[in-house]
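# Per-entry structural report
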Amino acid sequence: MSLPPARTLNGLLDPLLQPPVICALSAYAPQSFGQFQYPTPPLATYPTEAHRGFIARRTATRPSDEYRTPTEEEWDAFLAHFEKRKVSIGTCARAFSSPCVHEHACIRCSLLRPDPAQRGRLEEIRDNLVARIAEAEHEGWLGEIEGLRVSLAGAEDKLAQVYALAERKSATVQLGMPGFSRSGETAGTPIPTS
């Protein structure tokens, strides 16, 4: 494998990828290894500085009145938005001042975050929808059947979210215990005797 001179590679390498590349290149070009030492700040500070720079550039391009202190009425309206998002089976996560596209048929909405404590209510809603679909099929209400099936799919999706959340919360992760048999001794390391 032939590599171009190290000075041409130095300008082409992505700073975030340099450490693995340094290891690989040190086998092929040990005499020029010093040229590949980190020309950028350590990786831990790079994302923070990049984000702060992004925020500063964005702030400079936005109208200054967007960064004013909100009035009492605006703040109360903002807090009331979150109080109004609480519904019987969970919390609506739609954005501030956005309208409800489902006209408050929350069971159909993907923005509803179901409350695990309301699992019984969701199961009752699902069972009720199944019964209403059977009734609509018996009566021949074809338009009603279609809408009820959409609601049933939403109810089943919300129940699946509740079940998945309960499963994640109940799952334990076994990290194991360190192998200490006596004070000052780790597994496999004998204590010196005098």
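This section reports on the structure supplied with the text. (Residues numbered from 1 in each chain as written. Predicted model: local features only at pLDDT ≥ 70, side-chain atom pairs only at ≥ 80, totals over all residues. Heavy atoms only, no water.)

## A look at the environment of V87
As for its position among the elements, V87 is in strand β1 (residues 86–87). Note on V87: relative accessible area 30%, which makes it partly exposed. In the structure, V87 is positioned 25 residues away from L112 in sequence and 8.9 Å away in space, judged by C-alpha atoms. Excluding residues that lie within four positions of it along the chain, V87 makes contacts with C106 and L112. (Helix = DSSP H or I, 4+ residues; strand = E, 2+ residues; numbered from the N terminus. Buried < 20%, exposed > 50% of the residue type's maximum accessible area, 1.4 Å probe, protein only. Contact = heavy atoms within 4.5 Å.)

## As for the side chain of H81
Mapping H81 onto the fold places it in helix α4 (residues 72–83). Excluding its chain neighbours within four sequence positions, the residues that come into contact with H81 are R94, A95, F96 and S97.

## Overview of the sheet that holds β1
In a beta sheet, neighbouring strands pair by backbone hydrogen bonds and run either parallel or antiparallel. Strand order across the open sheet formed by three strands is β1-β2-β3, with antiparallel pairing between neighbours. The two strands at the open ends of the sheet, each matched to only one other strand, are β1 and β3 (112–114). Relative to strand β2 (residues 90–92), β1 runs antiparallel, the two being bridged by two bridges. Note that in β2 the partner of V87 across the bridge is G90. (Pairing = 2+ DSSP bridges.)

## As for the nonpolar core
In a soluble, globular protein the nonpolar side chains are often hidden away together inside. I89, I107, L122, L129 and L148 are the most contacted members of the largest nonpolar core, which has 14 residues in total. If you list the elements that add at least two residues to this core, you get α5 (119–139) and α6 (142–170). Sorting elements by how many residues they give to this core places α6 first, with six residues. (Core = buried A, V, L, I, M, F, W, Y, C linked by side-chain atoms within 4.5 Å.)

## Some remarks on the packing of α5 against α6
Running from amino to carboxyl end, α5 crosses α6 at an angle of 155°, the nearest separation of the two axes being 9 Å. Viewed along their axes, α5 and α6 adopt a mutual orientation that is roughly antiparallel. Read as a crossing pair, α5 and α6 show a hand that is left-handed. Judged by residue contacts, R119, L122, E123, R126, L129, V130, R132, I133, A136 and E137 of α5 engage E144, I145, L148, R149, S151, L152, A155, E156, K158, L159, V162 and Y163 from α6. Grouping the amino acids of the contact of α5 with α6 by side-chain chemistry returns twelve nonpolar, one polar and nine charged. (Axes fitted to C-alpha atoms, helices over the stretch in contact; angles between N-to-C directions. Parallel < 35°, antiparallel > 145°, perpendicular 65-115°, else oblique. Left-handed = near helix turned anticlockwise from the far one by under 90°. Nonpolar A, V, L, I, M, F, W, Y, C, P; charged D, E, K, R; others polar.)

## Focus: α6
Between its first and last C-alpha, α6 extends 42 Å over 29 residues, near the 42 Å set by a 1.5 Å rise per residue. When we look at burial in α6, the residues that qualify are I145, L148, S151, L152, G154, A155, K158, L159 and V162. Packed against the buried residues of α6 are β3 and α5. (Expected span 1.5 Å × (residues − 1).)

## Quick notes on the packing of aromatic side chains
By the definition in use, this model includes two aromatic pairs. Here F78 and F82 contribute two aromatic rings whose centre-to-centre distance is 5.0 Å and whose plane-to-plane angle is 80°, an arrangement assigned as edge-to-face. Of this pair, F78 and F82 both sit in helix α4, four residues apart, roughly one helical turn. Three or more aromatic residues joined by ring pairs form one cluster here, namely W75, F78 and F82. (Phe/Tyr/Trp six-rings, centres within 6.5 Å; stacked < 30°, edge-to-face > 60°.)

## Thoughts on the environment of G120
Here G120 is to be found in helix α5. The sequence separation of G120 and I89 amounts to 31 residues, and the corresponding C-alpha distance is 9.7 Å.

## Some thoughts on the environment of L159
Residue position: L159 is located in helix α6. Between the alpha carbons of L159 and D115 there is a distance of 9.8 Å; along the sequence they are 44 residues apart. When sequence neighbours within four positions are dropped, the list of residues in contact with L159 reads R119, L122, E123 and R126.

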